[in-house]
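# Report on the structure
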Amino acid sequence: LKIFSLNSNKPLAQKIANAIGVELGKSSVKQFSDGEIQINIEESIRGDHVYLIQSTSFPVNDNLMELLIMMDALKRASAKTINVVLPYYGYARQERKARSREPITAKLVADMLTAAGADRVLTLDLHAAQIQGFFNIPVDHLMAAPLLADYFMDKGYEGDDIVVVSPDHGGVTRARKLADFLKAPIAIIDKRRPKANVAEVMNIIGKVEGKKCIIIDDMIDTAGTITLAAQALKDEGATEVIACCTHPVLSGPALERLEQSVIEKVIVTDSIYLPEEKMIEKIEKVSVGELIGDAI
Ligand code: R5P
């Protein structure tokens, strides 16, 4: 078994390798002056089961291309199997045609990974679970909910005082899972999205007055969804609002929105690497390194 990391999230790759007790494989990724990616694998992988770790997060297209090129190199170097570990699966939000003449990018990415030689995919909290079915190879779909639940139980967030909130209809199963761990009820925000990256809260299904609310989402991107949801919960009488998500995409105005919002704390995982300047005071991280290491 050999583990290689590409550039998107080396600290997580190191944690995964530590959890398994192996060294990361040696490879180098360079760029030609026009931006083309050039990869060298600096040790033999002939006949090995190779695990390749890459989150296809920002810059999404570069990280995806880096992954595909590395897979090609592994295939040509006679890896026995190529196991793609995607802590964050980019392009997953376009997983169906919501309007006419739209692409289905989650399927396109699945096809590209398969064509590049993936034998197996291991991923975490897909935006929509049915993306597993876009592949004709095995897909291991891990969930961060138990880790997030441990975090909250450690801090005493458990029982009837708490409501776990899904910020939209698509996240209800995820919210129920966390709520089961915390023995808490759920509430759902009836969110409408007039256009991409613009969220608009409609109303709240469930009782949140006088409760501590934990909003759970698969990702926080521009933070529009989560901050609007938090404000709606406060307006309905929630005493405290905490947010959590698996994938801290945190693009555009996200940090400013989180800082200015009524959200007291944001718990995220390290599925996406967050540089120091993005670690604002409200953000706390839990690691998925051991979870992924155990799965490998
Ligand atoms: C959408 O359905 C997702 O589950 C997230 O709620 C969404 O992608 C978050 O995006 P933003 O932070 O830009 O509102």
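Since this is a predicted model, take the numbers as computed values, not measurements.

Cut-off values and rules
- Residues numbered from 1 in each chain as written.
- Predicted model: local features only at pLDDT ≥ 70, side-chain atom pairs only at ≥ 80, totals over all residues.
- Heavy atoms only, no water.
- Pairing = 2+ DSSP bridges.
- Helix = DSSP H or I, 4+ residues; strand = E, 2+ residues; numbered from the N terminus.
- UniProt positions renumbered as here; feature names shortened; annotations may be inferred.
- Contact = heavy atoms within 4.5 Å.
- Buried < 20%, exposed > 50% of the residue type's maximum accessible area, 1.4 Å probe, protein only.
- Salt bridge = Lys/Arg side-chain N within 4 Å of Asp/Glu carboxyl O.
- Axes fitted to C-alpha atoms, helices over the stretch in contact; angles between N-to-C directions.
- Near = heavy atom within 4 Å.
- Polar contact = N/O pair within 3.5 Å; in protein donor to acceptor, adjacent residues only side chain to side chain.
- Areas by Shrake-Rupley, 256 points an atom, 1.4 Å probe, with all protein chains shown as cover.
- Parallel < 35°, antiparallel > 145°, perpendicular 65-115°, else oblique.
- Left-handed = near helix turned anticlockwise from the far one by under 90°.
- Nonpolar A, V, L, I, M, F, W, Y, C, P; charged D, E, K, R; others polar.

### Focus: the pairing of strand E2 (residues 27-31)
The sheet contact formed by E2 and strand E3 (residues 37-41) spans five bridges and is antiparallel. Looking at the pairing, Lys30 lines up with Gln38 of E3. Where E2 hands over to E3, the hairpin turn is made up of five residues, of which Gly35 adopts a positive phi near 100°.

### Quick look at the UniProt feature "binding site: D-ribose 5-phosphate" (unreviewed entry) in the protein chain
Mapped onto this numbering, the UniProt entry gives "binding site: D-ribose 5-phosphate" (unreviewed entry) at Arg193, Asp217, Asp221, Thr222, Ala223, Gly224 and Thr225. Checked against the element boundaries, Asp217 lands in strand E11 (residues 212-220). The residues touching Asp217, leaving out its near neighbours within four places in the chain, are Pro167, Arg174, Thr225, Ile226, Cys244, Cys245 and Thr246. On the secondary structure map, Ala223 appears in the loop between E11 and helix H6 (224-235). Ala223 sits in the buried class, given a relative accessible area of 2%. In contact with Ala223, not counting residues within four places along its chain, are Ala254, Arg257 and Leu258.

### A word on the pattern of salt bridges
Applying the stated criterion to the full structure yields eleven salt bridges. A salt bridge links Arg93 to Asp221; its shortest N-O distance comes to 3.0 Å. Remark: Asp221 occurs in the loop between E11 and H6 and Arg93 occurs in the loop between strand E5 (81-86) and helix H3 (105-115); sequence separation between them is 128 residues. Residue Glu158 is joined to Lys183 by a salt bridge in which the shortest nitrogen-to-oxygen separation is 3.3 Å. One end of the pair, Glu158, is in the loop between helix H4 (145-154) and strand E8 (162-166); the other, Lys183, is in the loop between helix H5 (172-182) and strand E9 (186-195), and 25 residues separate them in sequence. Take Lys183: its relative accessible area is 58%, and that puts it in the exposed class.

### Here we look at the sheet that holds strand E6 (residues 120-124)
Judged by pairing direction, the sheet is parallel, and its five strands sit side by side in the order E1-E4-E5-E6-E7 without closing on themselves. Unpaired on one side and paired on the other, strand E1 (2-5) and strand E7 (139-142) mark the two borders of the sheet. For this sheet, the mean angle separating the axes of adjacent strands, direction not counted, is 20°. Looking at chain direction, E6 and E7 are connected through four bridges and run parallel. Across the sheet, Thr123 pairs through a bridge with His141, a residue of E7. Contacting E1, strand E4 (49-53) and E5, helix H2 (residues 60-76) runs over the sheet at an angle of about 160° to E5.

### Section: the pairing of E5
With six of six residues buried, E5 lies mostly within the body of the structure. Along E5, one buried face is formed by Thr81, Asn83 and Val85 and the opposite face, lined by Ile82, Val84 and Leu86, is buried too. Bridging between E4 and E5 involves five bridges; their strand directions are parallel. When the bridges of E5 are listed, Ile53 appears paired with Val85. Examined bridge by bridge, E5 and E6 share four bridges and lie parallel to one another. Residue pairing in the sheet places Val84 in a bridge with Val121 of E6.

### Describing the site of the ligand
The environment of the ligand is made up of 15 residues, and the closest members are Asp217, Asp218, Thr222, Ala223 and Thr225. Asp218 is positioned such that a nitrogen or oxygen atom in its side chain is 2.6 Å from an oxygen atom of the ligand. Relative to its free-state accessible area of 380 Å², the ligand is covered by the protein chains to the extent of 92%. Sorting the residues of the shell around the ligand by element identifies E9, E11 and H6 as the ones contributing at least two each. No other element matches the four residues that E11 contributes to the shell around the ligand.

### Describing the packing of H4 against H5
At a minimum axis separation of 9 Å, H4 and H5 run at an interaxial angle of 40°. Put simply, H4 runs oblique to H5. Between H4 and H5 lies a crossing whose hand is right-handed. For the pair formed by H4 and H5, the contact residues are Ala145, Pro146, Leu148, Ala149, Phe152 and Met153 on the first element and Lys177, Leu178, Phe181 and Leu182 on the second. Counted by class, the contact of H4 with H5 contains nine nonpolar, no polar and one charged residues.

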